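Coordinates in review
Here is what each chain is made of, one letter per residue.
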Amino acid sequence: MDVAFHWLAALRPEAAPSARTGTAPPREERLSLPGRRTVLLRPIAPHDADAEQAFVGGLSLATRHKRFHVGLRQLSPSMLRQMTEIDHRDHVALVAEVLADGDRAVLPPLPLVADARYVRSAEQPDEAEFAIAVADDWQSLGLGRTLMDRLARHARGQAIRALVGDVLPENRRMLVLMRGLGAHTRPHPDGPQLVQVVYELGTG
Ligand SMILES: CC(C)(COP(=O)(O)OP(=O)(O)OC[C@H]1O[C@@H](n2cnc3c(N)ncnc32)[C@H](O)[C@@H]1OP(=O)(O)O)[C@@H](O)C(=O)NCCC(=O)NCCS
């Protein structure tokens, strides 16, 4: 994997979709957070492209670095397509959309404050690679933990045995979060600049 620019490896065109059919995307869910903040957790959709671009562009350099491992400023058109036009089966993405005054914000593009996704491995279809980012002002409210829990819940139903993620070793918050969910770490095959977080899903 190219560590200078971390992406989800399985997003590369050669990643073959599984033969499974008839699986449902994750359900929408309203989530109350501290400070009277409410978000809607829902699958990403093609119409989220502008909001997704705004979400990534609005992340601090530090958060973008932890997510993409470079200070990526904006998504290219093809990356944006790959992140929003997904099959919800081998590539599953949940976003958190801010609900204004308890109702869904009226005007598009809708403000997104988190994105969590997994992509099934082409080589090992019972594993998927995950990645997550929460907007800086929305961190430490429990959103990251909830999104990882919901991703795992969905992945279990898709016969995925483990979610595996590449994390910078200094990313304490992510490591704490994942260990809290029961994940373990192992050395990354590319070297010590990354660790692999392995979240075995079991039957949950
Ligand atoms: C890592 C990240 C996804 C976590 O999301 P979050 O919404 O901030 O996390 P939560 O509020 O759910 O908290 C997760 C845990 O981190 C702990 N935590 C919070 N701040 C912490 C800190 N500074 N150091 C260590 N742990 C911390 C919390 O105690 C919590 O543990 P608990 O649930 O057992 O109490 C988010 O901070 C983020 O987007 N970071 C930048 C991108 C990134 O690192 N992505 C991961 C690589 S794919």
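Everything below is about the structure printed above this text.
All values reported here derive from a predicted model rather than from experimental measurement.

Quick look at unusual backbone geometry
A positive phi angle is found at His-69, which is not glycine, with a value near 70°. If you trace the backbone, His-69 turns up in the loop between helix H2 (61-68) and helix H3 (77-84). The exposure class assigned to His-69 is buried, which follows from its relative accessible area of 6%. You will see that His-88, though not glycine, has its phi angle at about 60°, which is positive. In this structure, His-88 sits in the loop between H3 and strand S3 (91-100).

Quick word on the nonpolar core
Core analysis: the largest hydrophobic core is formed by 53 residues, its most contacted members being Val-39, Tyr-118, Trp-138, Leu-143, Met-148, Leu-163 and Met-178. With near-sequence residues (within four places) excluded, Trp-138 lies in contact with Leu-33, Arg-37, Val-39, Val-98, Val-113 and Leu-143.

Description of the site of the ligand
Neighbouring the ligand are 19 residues, the closest being Val-134, Ser-140, Gly-142, Gly-144 and Asn-171. In this structure, a nitrogen atom belonging to the ligand sits 2.8 Å away from a main-chain N or O atom of Ile-132. Val-134 places a polar main-chain atom, nitrogen or oxygen, 2.7 Å from an oxygen atom of the ligand. Contributing elements (two or more residues each) for the shell around the ligand: H2, strand S6 (127-134), helix H4 (143-157) and helix H5 (172-180). Of all the elements, H5 adds the most residues to the shell around the ligand, at five residues. Tallied by class, residues from the shell around the ligand come to nine nonpolar, six polar and four charged.

A short note on the environment of Leu-151
Mapped onto the secondary structure, Leu-151 falls in helix H4. On the accessibility criterion, Leu-151 (0% relative accessible area) is buried. As a C-alpha pair, Leu-151 and Ala-116 span 35 residues in sequence and 7.5 Å in three-dimensional space. Contacts of Leu-151, omitting those with residues within four sequence positions, involve Val-92, Leu-94, Ala-116, Arg-117, Tyr-118 and Leu-163.

Quick word on empty space enclosed by the protein
For the coordinates displayed, the defined rule picks out one cavity of 30 Å³ or more. The volume enclosed by the largest cavity comes to roughly 30 Å³. Looking at the largest cavity, the residues that line it are Phe-55, Val-56, Arg-67, Phe-68, Met-83, Asp-115 and Ala-133. Those elements giving two or more residues to the lining of the largest cavity turn out to be helix H1 (49-58) and H2. Split by residue class, the lining of the largest cavity holds five nonpolar, no polar and two charged.

Criteria and thresholds
- Residues numbered from 1 in each chain as written.
- Predicted model: local features only at pLDDT ≥ 70, side-chain atom pairs only at ≥ 80, totals over all residues.
- Heavy atoms only, no water.
- Helix = DSSP H or I, 4+ residues; strand = E, 2+ residues; numbered from the N terminus.
- Buried < 20%, exposed > 50% of the residue type's maximum accessible area, 1.4 Å probe, protein only.
- Core = buried A, V, L, I, M, F, W, Y, C linked by side-chain atoms within 4.5 Å.
- Contact = heavy atoms within 4.5 Å.
- Near = heavy atom within 4 Å.
- Polar contact = N/O pair within 3.5 Å; in protein donor to acceptor, adjacent residues only side chain to side chain.
- Nonpolar A, V, L, I, M, F, W, Y, C, P; charged D, E, K, R; others polar.
- 1 Å grid on protein atoms, 1.4 Å probe; cavity = no way out; pocket = protein on both sides within 12 Å on 5 of 7 lines; lining within 4 Å.
- Points joined across faces, edges and corners; volume = space filled by probe spheres on them.

Remember that the coordinates give geometry; whether it matters functionally is a separate question.
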